[in-house]
Amino acid sequence: MQITEKQKCSHYTLCIGLSDKDSKVQEFDTERFMAVVTNVCTGYRVGYSYTMSYGGYIHEDGTYVNENSILLSLVGLPENLIDRIATDLCKYFNQESVLVIRDDGTVYSVLQNG
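Reading the values: rules and limits
- Residues numbered from 1 in each chain as written.
- Predicted model: local features only at pLDDT ≥ 70, side-chain atom pairs only at ≥ 80, totals over all residues.
- Heavy atoms only, no water.
- Salt bridge = Lys/Arg side-chain N within 4 Å of Asp/Glu carboxyl O.
- Helix = DSSP H or I, 4+ residues; strand = E, 2+ residues; numbered from the N terminus.
- Buried < 20%, exposed > 50% of the residue type's maximum accessible area, 1.4 Å probe, protein only.
- Pairing = 2+ DSSP bridges.
- Axes fitted to C-alpha atoms, helices over the stretch in contact; angles between N-to-C directions.
- Contact = heavy atoms within 4.5 Å.
- Polar contact = N/O pair within 3.5 Å; in protein donor to acceptor, adjacent residues only side chain to side chain.

A few words on the pattern of salt bridges. Counting across every chain of the model gives four salt bridges. Asp61 is the salt-bridge partner of Lys24, the closest N and O atoms lying 3.4 Å from each other. Of the two residues, Lys24 sits in the loop between β1 (11–17) and α1 (30–44) while Asp61 sits in the loop between β2 (49–58) and β3 (64–75), which places them 37 residues apart along the sequence. The class of Asp61 is exposed, set by a relative accessible area of 54%. Within the structure, one salt-bridge network assembled from shared partners comprises Glu79, Arg102 and Asp104.

The next thing to look at is the pairing of strand β5 (residues 107–111). On β5, burial follows the alternation: Tyr108 and Val110 on one face are buried, whereas Val107, Ser109 and Leu111 on the facing-out side are not. Of the strand pairs in this sheet, strand β4 (residues 97–102) and β5 are connected by five bridges, and their pairing is antiparallel. The partner of Ile101 across the bridge, within β5, is Val107. Count of turn residues in the β4/β5 antiparallel hairpin: four residues, of which Gly105 carries a positive phi of about 100°.

Moving on, we get to the sheet that holds β2. On the basis of which strands lie adjacent, the open sheet formed by five strands has the order β2-β3-β1-β4-β5 and antiparallel pairing. The sheet terminates laterally at β2 and β5, the two strands that pair on one side only. The sheet shows a mean angle of 30° between the axes of neighbouring strands, taken without regard to direction. Inspection of the sheet shows β1 paired to β3 by seven bridges, in the antiparallel sense. What sits directly across from Leu14, in β3, is Leu72. In the packing of α1 onto the sheet, contacts are made with β2 and β3, and the angle to β3 comes to roughly 30°. Across the sheet, helix α2 (residues 79–92) is in contact with β1, β3, β4 and β5; its angle to β5 comes to roughly 50°.

Moving on to the environment of Asn94. By secondary structure assignment, the location of Asn94 is in the loop between α2 and β4. Considering only alpha carbons, one finds Asn94 and Glu67, 27 residues apart in sequence, at a separation of 14 Å. When residues no more than four places from it in sequence are discounted, the contact partners of Asn94 are Asp20, Lys21, Asp22 and Gln112. One polar contact links Asn94 to Asp22, side chain to side chain, over a distance of 3.1 Å.

This part is about the environment of Gly62. Along the chain, Gly62 falls in the loop between β2 and β3. Taking the C-alpha atoms as reference points, Gly62 and Lys21, separated by 41 residues in sequence, lie 12 Å from one another.

Take a look at the structure:
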């Protein structure tokens, strides 16, 4: 067995809801969203993994929705690349925002209109 040299790097989790920001319902089947995540990560040539989740979101207008979500794990990437991936997914999924959680506890949202 061989073990590579250990190094410190950041781990990010992107939380991407699947309900459309305008209709507030999931417009496409979950498999289509998973394919988009795969295509985006493959396009950027980054290692990734994702899991499906379920949770709640409060829209800017105060509407509360329960929705399916994708939790996308990205490790060792520069934050500007994380933000580009989050921005792309926010637009492709027609979301108000994508929540980004860094392993040090830093949390922020990438907005579609920002």
